[in-house]
Amino acid sequence: MVVAVPPFFSSLSPRVRPSALSRRNQLSFNKTSSLSLFLPFGLYHTEFREFFPFGLKQRAHGPVISAKKSSKGSKQDSEMYKHTIDLPKTTFGMRANSIVREPEIQKFWEDNDVFKRVAEKNTGETFILHDGPPYANGKLHMGHALNKILKDIINRYKLLQNYKVQFIPGWDCHGLPIELKVLQSMDQAARKDLTPLTLRELAAKFAKETVDVQMKSFKRYGVWADWSDPYLTLFPEYEAAQIEVFGQMATKGYIYRGRKPVHWSPSSHTALAEAELEYPDGHVSKSIYAIFKMVSTSSISHDVLKEFLSNLCLAIWTTTPWTIPANAAVAVNPGLVYAVAEVHSVIEDTSSSLGKRTKLRSILKNEEKKPFIIIASDLVPALESKWGVKLVIKKTFLGAALENCRYLHPLDGKECPVVMGGDYINTESGTGLVHTAPGHGLEDYMTGLKYGLSILSPVDDSGNFTEEAGQFNGLNVLGDGNVAVVKYLDDNMLLILEEPYKHKYPYDWRTKKPTIFRATEQWFASVVGFRQAAMDAINMVNWIPPQAENRINAMTASRSDWCISRQRIWGVPIPVFYHVDTKEPLITEETISHIKAIISKKGSDAWWYMSNEELLPEKFRSNASKYQKGTDTMDVWFDSGSSWAAVLGKREGLSLPADLYLEGTDQHRGWFQSSLLTSVATTGKPPYSCVVTHGFVLDEKGLKMSKSLGNVVDPEIIISGGLNIKDEPSYGADVLRLWVSSVDYTGDVLIGPQILRQMSDVYRKFRGTLRYLLSNLHDWNPGNSIAYDDLPKIDQHAMFQLENVVKIVEDCYDKYQFYKIFQILQRFAIVDLSNFYFDIAKDRLYVGGSGSFTRRSCQTVLAAHFFSIIRMIAPIMPHLAEDAWQNLPFEHVLDNGSVARSVFDLRWSDLNERWLSMPASDADFWTSILELRNEVNKVLEVARGEKLIGSSLEAKVYLHTSDAATNSRLQEMCGAMHEADSLHRIFITSQVEVLRCLDEVSQTVQYNGSYISQANIEIWIGVSLADGLKCERCWNYSSNVGMFSEHPTLCSRCFTVIGDIQPLKASAQVC
Ligand SMILES: [Zn+2]
């Protein structure tokens, strides 16, 4: 870094040689770089002022300030030249006033049908982002806002890219939560009289009302969609398409009815899908170790076991004792080593609490002979200590030997077999022997199928034991039923130990109550039947971020058959009839297609109000009385999972696969997967070609938002403000959208008051940038453009930088990496524009002369920036872009000859190769000039601090370097062809002199320093007071001031400029 050396003595004592001092400091110059230009984003704190939104506080603003000083001392002189100064002017306000302005802009879009008009006019390919339907239940939250705004950013960008964009918003309208809301809103008496049709009517009303509320919010976010024609999963045509998908799957043999354990929620009386479960922390089960008495050995194990058989038991462990009545077998792992262990009491240890817990000792006390227990050999030490007994191993053998041994069912005394299970049997916990109840667990069920075990499930919909459970009939399996089973085992000397066990246990995500595994008659989609096709389809899709592919792969590979039936009213019926006597389901292509036709006209209510005769096709009608309508509805994931068929497959102009699905990461288990499964099962292909996933929205500290923590951020409040406007100001939709663009959504994202304040600052910077551009184009006419080749070098360099930014931003949009765009544009606006180009340009723009080349060339650059920047920000901050566009002081004519009324009439143009073509050596040179300017500013800052100068225009800068090439380039820049390229304009000082020899001035220049450039060249910088007098008009100092008798207070530049301007009559009189 430069260290500019202030004089140790006052400026009246020039005897100390500052350059000598500066050498003393040179060590610290060695690692010179323009660090301050590359501060991390977010560290900039810039003051905003009316027309100098970015200028350094103490920069020279001579002409403007002089023009504004109308009431003080030099009034007459200032007034005299005021009209010759081109002050910025615009109707585009610095304040967004988003509460008023954004709705106005949205109305403008709506009134002019801008989205549809632009999409239709576009000549490129179609772009279809298929909307994942939010659930029509309750208000929107930050997750919804993140999701829909991301979609809107993409759609708007694609519009600018000339795509025919179609975006049909959707809502998921069926299902239990809405059904429950309706039920909860009624009293007992009303509920009693409730018919399915009334319930469905109320549920539909609730869903539609919620859709309206949510739609209003989405619109307020500035999201563009076909709001007049959304898709709702309750629309008859949607339901019919869903029935069609179901029918196609049934025809292909992928739908079956089976008795199979499913996740069952006793609290909501229905089967649940994987996606409807949650696993809260802190669940504790009652786990037990129990023994089942062996009664016979198999032929293989006979020799090994016969001597123990009279008192031999199998030890099992379970966390669900209530499943013991449904026990059908004990499973072992054929590859594990098992042991017969003799159980001995240990000497009573009074200090041990184990003695009280374990029941095995009481069993031992009552036994004349020591009992023998079969357990996994590896677990012997652990179980000894847990049970508080001594286990003496008598024999060991492989689990395979136990197959077909028999034991007595602990409750009904029937003989049950020992069977071979799979790898799920291990020695991580338990005993290595698994109590198997095929009606209550999936692995047990699979094992049961293999051995033809009965699938007992003596539990009803409410989770109470049925008559089949004998003495436990009526007890609740999650409560007193569980306790009663444990007590029974204890009373019968079959319980070894009971202990609490903390583990992950599935809960109903809506009622927050534990679920059970329970075998019921359900309809299934056989994932097994098309799993490989689904895995192949996953491989064809572009997953963003890429790790999402592993996630959905693993989930699809491991998922069991999909239970698609629900025992609820508010949904699409499973279109099936059952034979009254045989209970055989009737489901054929004919029945499905008949029902589909009815539903497409009348909606699925018809299933409830129409008779069997009407619902059955002609050929079954005479036998209608022999059939009964099914009462199950479909899993809502089947509803939304059919949207590709119901929307993309049916609506005009849409097609499959969708270009993009974009949802939260939880949808790998949910919608992404259900859509994939239904699509692959019926068409063999994935419904999408690209899938983007985003994370969850957390608070600023990374905590989950919750009402109890009080950290919920409401998108509505971000936009319109809260009750306390000081703590919760109204930021408007664009600040919310800017936040969406700023986060790396591929992981979880944070939001809170601090982050929003930062976003608001950044928003103002962008607004200030646009305002600077508009206000200096107030007299612009596109016909005044200067050809690129004629532009000063500084302008060509500005175009080069601009087009590079456009290039990178376009690439980031294409890759959906918006947070990079946010960073690049923020840096560009602050570092390249406000701190540099805009800062320098003020002199040219304000005092260069209205029609002068220097002003016109600068305006050419500004106009190019305006068009590019507004395009780059429009997808993210459409209101800001439109607001700026509506304040454009000239008409912009499109290629087709029409005038662009909306900013979205613009198109993203091809990259300008000419602008990008600046030779690398020139670009490097400009980088070094920027670096030099930065170092010059530091020396100026010191001179200012020491009160040598006020404004930088009071200064003259001296440069010296012993590097001949650099010296000569600097010399050239002092005498540049275009004044805009000259160094003193770039430094905003009045003069710059490049010294051939340092001795020339080093004694008289009080403020100096040197630095080593990135090109490793040492450059010396000195600052002194500028030569000559201050020009009244432009505040630059010049030796020419005083030379023009008509205008004795002007410099030669200003003298020339005003020569071209007719003085105003009023001011002429003042003269
Ligand atoms: Zn001047």
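Refer to the structure presented above.
Student: Just give me the short version of the overall build of the protein, but keep the residues and values in it.
Tutor: Broken down by element type, the protein carries 37 helices and 36 strands. The contacts of the protein with a sequence gap of at least 6 include a subset with a gap of at least 24, amounting to 77%. Of the roughly 45,100 Å² that the protein leaves accessible, carbon and sulfur atoms contribute 52%.

Student: Can you lay out the coordination of the zinc ion for me, pointing to particular residues and giving the numbers?
Tutor: Binding of the zinc ion to the protein goes through Cys1031 (SG), Cys1034 (SG), Cys1051 (SG) and Cys1054 (SG), at separations of 2.2 to 2.3 Å. Considering all four donor atoms around the zinc ion, the spread of angles at the metal, 107 to 113 degrees, places the coordination shape in the tetrahedral class. In primary sequence terms, the donor set of the zinc ion follows C-x2-C-x16-C-x2-C. Here Cys1034, found in the loop between strand 35 (1029-1030) and strand 36 (1037-1038), pairs with Cys1051, found in the loop between strand 36 and helix 36 (1052-1059); they are 17 residues apart in sequence, far enough to count as distant.

Student: If you had to explain helix 30 (residues 853-873) to someone new, which residues and values would you point to?
Tutor: End to end, helix 30 covers 30 Å across 21 residues, agreeing with the expected 30 Å (1.5 Å per residue, within 8%). Of all 21 residues making up helix 30, 20 are buried, and the element is well covered by its neighbours.

Student: So what's going on with the packing of aromatic side chains? Residues and values would help.
Tutor: By the definition in use, this model includes 40 aromatic pairs. Ring geometry for Phe577 and Trp607: centres 5.3 Å apart, planes at 50 degrees, overall tilted. Highlighted residues: Phe577 in strand 23 (residues 577-579) and Trp607 in helix 20 (residues 606-609), separated in sequence by 30 residues. Ring centres of Phe866 and Trp885 lie 6.3 Å apart, and the angle between their planes is 15 degrees; on these two criteria the pair is classed as stacked. Of this pair, Phe866 sits in helix 30 while Trp885 sits in helix 31 (residues 878-886), and the two are 19 residues apart along the sequence. No difference in accessibility class separates Phe866 from Trp885, as the two residues are buried. A cation over a ring is seen here: Lys148 above Phe218, with NZ or CZ 4.3 Å from the ring centre. Sitting over the ring of Phe524, Lys260 keeps its end group 4.7 Å from the ring centre.

Student: Please set out the packing of helix 6 (residues 142-160) against helix 26 (residues 733-742) residue by residue, giving values where relevant.
Tutor: Relative to each other, helix 6 and helix 26 sit at 85 degrees, their axes nearing to 9 Å. In this view, helix 6 runs roughly perpendicular relative to helix 26, as classed from their interaxial angle. When helix 6 is examined against helix 26, the residues Met142, Ala145, Leu146, Ile149, Leu150, Asp152, Ile153 and Arg156 are found in contact with a partner set consisting of Leu736, Arg737, Trp739, Val740 and Ser741. Taken together, the residues of the contact of helix 6 with helix 26 sort by class into nine nonpolar, one polar and three charged.

Student: Describe the environment of Leu497, and please don't skip the residues or the numbers.
Tutor: The residue Leu497 is located in strand 17 (residues 495-502) in this model. Distance from Leu497 to Lys386, taken between C-alpha atoms, is 8.6 Å for residues 111 residues apart in sequence.

Student: Explain the packing of helix 27 (residues 753-775) against helix 30 to me, using residue names and the numbers behind them.
Tutor: The interhelical angle for the contact between helix 27 and helix 30, taken along N-to-C directions, is 145 degrees, at an axis separation of 9 Å. For the pair helix 27 and helix 30, the crossing hand works out as left-handed. Taking contact as the criterion, the partners of Thr769, Leu770, Tyr772, Leu773 and Leu774 in helix 27 are, on helix 30, Leu862, His865, Phe866, Ile869 and Ile873. Among the residues forming the contact of helix 27 with helix 30, the class breakdown is eight nonpolar, two polar and no charged.

Student: Give me the pairing of strand 12 (residues 372-376): which residues, what numbers.
Tutor: Counting buried residues in strand 12 gives five out of five residues, a clear majority hidden from the surface. Pairing of strand 9 (residues 312-318) with strand 12 involves three bridges; the strand directions are parallel. Note on strand 12: the bridge partner recorded for Leu314 is Ile374. Where strand 11 (residues 337-345) lies against strand 12, five bridges are found, and the strand directions are antiparallel. The residue bridging Val340 from the neighbouring strand is Ile374, located in strand 12.

Student: Provide a residue-level description of the side chain of Ser217, including the pertinent values.
Tutor: When you line up the elements, Ser217 lands in helix 9 (residues 196-220). In contact with Ser217, not counting residues within four places along its chain, are Leu140 and Glu716.

Calculation rules
- Residues numbered from 1 in each chain as written.
- Predicted model: local features only at pLDDT ≥ 70, side-chain atom pairs only at ≥ 80, totals over all residues.
- Heavy atoms only, no water.
- Helix = DSSP H or I, 4+ residues; strand = E, 2+ residues; numbered from the N terminus.
- Contact = heavy atoms within 4.5 Å.
- Areas by Shrake-Rupley, 256 points an atom, 1.4 Å probe, with all protein chains shown as cover.
- Donors = N, O, S within 2.8 Å, 3.2 Å for Na, K, Ca; no water.
- Tetrahedral: all angles 85-135°; square planar, octahedral: opposite > 155°, others 65-115°.
- Expected span 1.5 Å × (residues − 1).
- Buried < 20%, exposed > 50% of the residue type's maximum accessible area, 1.4 Å probe, protein only.
- Phe/Tyr/Trp six-rings, centres within 6.5 Å; stacked < 30°, edge-to-face > 60°.
- Lys NZ or Arg CZ within 6 Å of the ring centre and 35° of its normal.
- Axes fitted to C-alpha atoms, helices over the stretch in contact; angles between N-to-C directions.
- Parallel < 35°, antiparallel > 145°, perpendicular 65-115°, else oblique.
- Nonpolar A, V, L, I, M, F, W, Y, C, P; charged D, E, K, R; others polar.
- Left-handed = near helix turned anticlockwise from the far one by under 90°.
- Pairing = 2+ DSSP bridges.

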